[in-house]
Amino acid sequence: MTKQEALFNYTLRLADNSLILAQRLCEWTSKGPFLEEDLALTNISLDIFGRAKSLLEYAARVEGKGRTEDTLAFFRNDRQFTNNLICEQENGDYAKTMVRQAMIDCFDLMLYTELSKSKDETIAGIAAKSIKEITYHKRHSFSWVDRFGNGTEESKTRAQNALNELWRFSGEFFETDEAEQLLLKEGISVDVKAFKEKWEKEMVALFEKAGLTLPENTFMQTGGRKGIHTEHLAYLLAEMQALPRMYPDAKW
Amino acid sequence: MLSKEEILSFLEEIPDPEIPVISIVELGVVRDVLPSGKNIEVIITPTYSGCPAMKQMEDDVRKKLKEKGFEEIKITTTYSPPWTTDWLSEEAKLKLQKYGIAPPEESTTDKSFLTGKHKAITCPRCKSKNTVMISQFGSTACKALYQCKDCLEAFDYFKCI
């Protein structure tokens, strides 16, 4: 693998994680539990779409084969996406959406804080911009997990169910691959394992405060990096990609 | 050849598509202009990563500079340094307030944004500080929703980032 290929793979994976999560979140548009939350999720989704767009543009430029951010987003199949499985999981109820968001926000804030020191100027720039936005998102998702856990029996049960279902996807955050290792030597990527403990500590503190318990002996799911996904991704892509595939000349 | 100041004064005529009382220069979106004869490069930065008004701003910049006689107009987006509300001038903040949007009251350097402890936000209508946040997110990415407990009006607050 050349450095250029590694940089393309790495940037594309960062982009996929953002794109798939943003698409999931925008499914809440007009269906939020109340108006303010509808606005919140639309805004959060938009920030993450923005990050995905910047990263896809850069990936296309690094690859240099004439693909664009649009062809990368709309003309790849599920097996060619390398996002973490957690991003594609269905929204479920609001507790599940917020537990998923809290886990991802907490990880992303650590990841992008480190990436803002990357020797690759474009990645560092996009990361520095994202930190401010993720900080804001995290405040929102953390406060909801707290509220659900300390709310009614019903809300607590739902948050606990969400945690039981989603925790098995957290192992993937800290996997690494050849591209990442290669770029680590160049000072471009970051060592995710270095903040695994810090992430777990923060998650445990949040869940304890909310009166929720982590499931024990969880078998960690894996596959996203290799393009082996849960069944949910293909359905998500079918909706997201339908228009440009039906009308390849469509402009917006 | 036109000076940077003259070119910036042209761009001052372009209003923000969502908040038409301030220009895209006052907002801090235009970072630099690099004229070279009849051609020009304009460096812009988005307020928020996903700001949907960026495309509109690019189109407006192109149109304005074409009118002013430039031929090739290149627009480059930069992410570094990241946009901050600290770049809004006092004058721009006053314009926001008159328009009914509470301007950012903190500087990002005091870190209150990160800890979530807000200073009291002043109602842009009756100037009361007896206000409460209704929603962390508002009508656009850059705003949060507040309500004044004295005049009871809901208003937008320009988030401090």
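No experiment lies behind these values; they were computed from the predicted model shown.

(A) The arrangement of the layout of surface pockets in detail. In this model, the largest pocket occupies a volume close to 1300 Å³. The wall of the largest pocket is formed by 42 residues, among which Lys53, Ser54, Glu57, Glu69 and Asp70 of chain A lie closest to the centre. Elements with a minimum of two residues in the lining of the largest pocket: α1 (3-26), α2 (35-63), α3 (69-74), α6 (121-149) and α10 (232-246) of chain A together with α3 (54-67) of chain B. The element best represented in the lining of the largest pocket is α2 of chain A, accounting for ten residues.

(B) Quick look at the pairing of strand β2 (residues 39-44) of chain B. Residues and elements named next belong to chain B. Taken together, the six bridges between strand β1 (residues 30-36) and β2 define a ladder with antiparallel strand orientation. Each residue of the ladder has a partner; that of Asp32, found in β2, is Ile43. Of the pairings in the sheet, the one linking β2 to strand β3 (residues 73-77) comprises five bridges and is parallel in character. Across the sheet, Ile40 pairs through a bridge with Ile73, a residue of β3.

(C) Region of the structure containing the packing of α6 of chain A against helix α7 (residues 153-166) of chain A. Residues and elements named next belong to chain A. The interhelical angle for the contact between α6 and α7, taken along N-to-C directions, is 125°, at an axis separation of 7 Å. Classified by the interaxial angle, the pair formed by α6 and α7 is oblique. Taking contact as the criterion, the partners of Arg147, Phe148 and Gly149 in α6 are, on α7, Ser155, Lys156 and Ala159. Across the contact of α6 with α7, the residue classes break down as two nonpolar, two polar and two charged.

(D) Spotlight on the packing of aromatic side chains. In this structure the tally under the stated criterion is 19 aromatic pairs over all chains. Taken together, a centroid distance of 6.2 Å and an interplanar angle of 80° make the contact between Phe173 of chain A and Phe174 of chain A edge-to-face. Among the residues examined, Phe173 of chain A registers a relative accessible area of 4% and is labelled buried. For the pair Tyr146 of chain B and Tyr157 of chain B, a centre-to-centre distance of 5.3 Å together with 75° between the ring planes defines the contact as edge-to-face.

(E) Structural detail: the environment of Ala154 of chain B. Residue and element names in this part refer to chain B. By secondary structure assignment, the location of Ala154 is in strand β7 (residues 154-158). Look at Ala154 and you get partly exposed, because its relative accessible area is 39%. The spacing of Ala154 and Ala144 is ten residues in sequence and 11 Å in space, taken between C-alpha atoms. Setting aside anything within four residues of it in sequence, one finds Ala154 in contact with Ile134, Tyr146 and Gln147.

(F) Structural context of the sheet that holds β7 of chain B. All names here are of chain B. The mixed open sheet is built from four strands, whose spatial order is β4-β7-β6-β5. Where the open sheet ends on each side, the last strands, each with one partner, are β4 (101-102) and β5 (131-135). Summarising the sheet, strand β6 (residues 143-148) and β7 pair through five bridges and their orientation is antiparallel. Residue pairing for β7: Leu145 is matched across the bridge by Asp156.

(G) Structural context of the interface of chain B and chain A. On the side of chain A, 22 residues touch chain B, which itself brings 25 residues to the contact. Taken over both partners, the interface formed by chain B and chain A buries close to 2200 Å², and the fraction arising from carbon and sulfur atoms is 61%. Summed over the shared surface of chain B and chain A, the number is zero salt bridges. Linking chain B with chain A are eight residue pairs in polar contact (both at pLDDT 80 or more), by the criterion used here. Of all the secondary structure elements, the ones that give two or more residues to the side of chain B that touches chain A are α5 (112-115) and β5 of chain B. Each residue belonging to the side of chain B that touches chain A can be placed in one class, and the counts come to 13 nonpolar, eleven polar and one charged.

(H) Spatial organisation of the environment of Lys119 of chain B. Looking at where Lys119 of chain B falls in the secondary structure, it is placed in the loop between α5 and β5. Looking at Lys119 of chain B, the relative accessible area reads 46%, which means it is partly exposed.

(I) Expanded view of the pairing of β6 of chain B. Residues and elements named next belong to chain B. With five of six residues buried, β6 lies mostly within the body of the structure. Of the pairings in the sheet, the one linking β5 to β6 comprises four bridges and is antiparallel in character. When the sheet's bridge partners are listed, Thr131 is paired in β6 with Cys148. Linking two consecutive strands that pair antiparallel, namely β6 and β7, is a turn of five residues; a positive phi of about 70° is found at Leu152 within it.

(J) A look at a nonpolar patch on the surface. Residues Leu243, Met246, Tyr247 and Trp252 of chain A make up a contiguous nonpolar surface patch of roughly 530 Å² in combined accessible area. With respect to the element layout, Met246 of chain A can be found in helix α10.

(K) Expanded view of the sheet that holds β1 of chain B. All names here are of chain B. If you trace the three strands from one edge of the open sheet to the other, you get β1-β2-β3, paired in mixed fashion. Since the sheet does not close on itself, it has two edges, and those belong to β1 and β3, each with one partner. Strand-to-strand twist in this sheet, taken as the mean axis angle between neighbours without regard to direction, amounts to 15°. Of the strands in this sheet, β1 and β2 touch helix α1 (residues 4-11), which is tilted by about 125° from β1. Strands β2 and β3 of the sheet are contacted by α3, whose axis makes an angle of about 150° with β3.

Conventions used here
Residues numbered from 1 in each chain as written. Chains lettered and ligands numbered in written order. Predicted model: local features only at pLDDT ≥ 70, side-chain atom pairs only at ≥ 80, totals over all residues. Heavy atoms only, no water. 1 Å grid on protein atoms, 1.4 Å probe; cavity = no way out; pocket = protein on both sides within 12 Å on 5 of 7 lines; lining within 4 Å. Points joined across faces, edges and corners; volume = space filled by probe spheres on them. Helix = DSSP H or I, 4+ residues; strand = E, 2+ residues; numbered from the N terminus. Pairing = 2+ DSSP bridges. Axes fitted to C-alpha atoms, helices over the stretch in contact; angles between N-to-C directions. Parallel < 35°, antiparallel > 145°, perpendicular 65-115°, else oblique. Contact = heavy atoms within 4.5 Å. Nonpolar A, V, L, I, M, F, W, Y, C, P; charged D, E, K, R; others polar. Phe/Tyr/Trp six-rings, centres within 6.5 Å; stacked < 30°, edge-to-face > 60°. Buried < 20%, exposed > 50% of the residue type's maximum accessible area, 1.4 Å probe, protein only. Buried area = accessible area lost by both parts, 1.4 Å probe. Salt bridge = Lys/Arg side-chain N within 4 Å of Asp/Glu carboxyl O. Polar contact = N/O pair within 3.5 Å; in protein donor to acceptor, adjacent residues only side chain to side chain. Patch = residues over 30% accessible without salt bridge, like charges linked within 9 Å, V, L, I, M, F, W, Y side chains within 5 Å. Areas by Shrake-Rupley, 256 points an atom, 1.4 Å probe, with all protein chains shown as cover.

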